[in-house]
Amino acid sequence: MDPEVLAQTAGTTVVALMATDAWQRTREGVVALWRRVRPAQADEVGMALEETREEILAARREGDSTGAGDLERDWRRRLRRLLAADPSVARELEEVLAEARAALPESEQPPVYAVRLEARASGHARIYQAGRDQHIAER
């Protein structure tokens, strides 16, 4: 999976798993990845995960979807940097999240989003595709 797509999916999934019974397994797996790639940051990441979990549980109790989105973006950014530091972590990250997801009943599993874009152009055609926001300013 493309590292950018994986970071997006993983950030959303980590935050979604924070409010489930699979949280401890998820936390241990994510901290283990940091301990391997950036050992000096592992304890800090563990504490950040716990703080984020408290925030996500509070946001869900209050119905604050904006707060949850901010937390997801934060973890996407952190995971993107981890993957940039060591791209070989991608497979392990996918496995950690798949195992955590699989430990939950199907009705409680967070969704896995995938975007597949395909286009064909000919002549002077232009194609614009995006899996998220896209802003085009042509003159």
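Residues numbered from 1 in each chain as written. Predicted model: local features only at pLDDT ≥ 70, side-chain atom pairs only at ≥ 80, totals over all residues. Heavy atoms only, no water.

> Which residues make up the overall build of the protein, and what values do they have?
Counting its regular elements, the protein contains five helices and zero strands. Of the regular secondary structure in the protein, the N- to C-terminal order runs α-α-α-α-α. If one aligns the C-alpha atoms of the protein with their principal axes, the spans along those axes are about 55 × 35 × 30 Å. Counting all 139 residues of the protein, 38% fall into the buried class. Nonlocal contacts in the protein, meaning residues at least 24 apart in sequence, comprise 65% of its contacts between residues at least 6 apart. Per element, the accessible surface of the protein, about 9,100 Å² overall, is 46% carbon and sulfur. Side-chain charges in the protein split into 21 positive and 25 negative, and the spacing between the mean points of these groups amounts to 5 Å. (Helix = DSSP H or I, 4+ residues; strand = E, 2+ residues; numbered from the N terminus. Buried < 20%, exposed > 50% of the residue type's maximum accessible area, 1.4 Å probe, protein only. Contact = heavy atoms within 4.5 Å. Areas by Shrake-Rupley, 256 points an atom, 1.4 Å probe, with all protein chains shown as cover. Lys, Arg positive; Asp, Glu negative; His and termini not counted. Charge placed at Lys NZ, Arg CZ, Asp CG, Glu CD.)

> A description of the packing of aromatic side chains should follow, citing residues and the corresponding values.
One pass over the full model with this rule turns up one aromatic pair. Ring geometry for Trp34 versus Trp75: centroids 6.3 Å apart, planes at 90°, classification edge-to-face. Pair noted here: Trp34 is in helix 2 (residues 23–37) and Trp75 is in helix 4 (residues 65–85), with a separation of 41 residues, a long-range link. With respect to class, Trp34 is no different from Trp75; both count as buried. Between Arg78 and the ring centre of Trp75, over which it is positioned, the NZ or CZ distance is 4.5 Å. (Phe/Tyr/Trp six-rings, centres within 6.5 Å; stacked < 30°, edge-to-face > 60°. Lys NZ or Arg CZ within 6 Å of the ring centre and 35° of its normal.)

> Which residues make up the side chain of Thr26, and what values do they have?
Locating Thr26 in the fold gives a position in helix 2. Judged by relative accessible area, which is 0%, Thr26 ranks as buried. Not counting residues within four places of it along the chain, the set of residues in contact with Thr26 comprises Val14, Leu17, Val96, Leu97 and Ala100.

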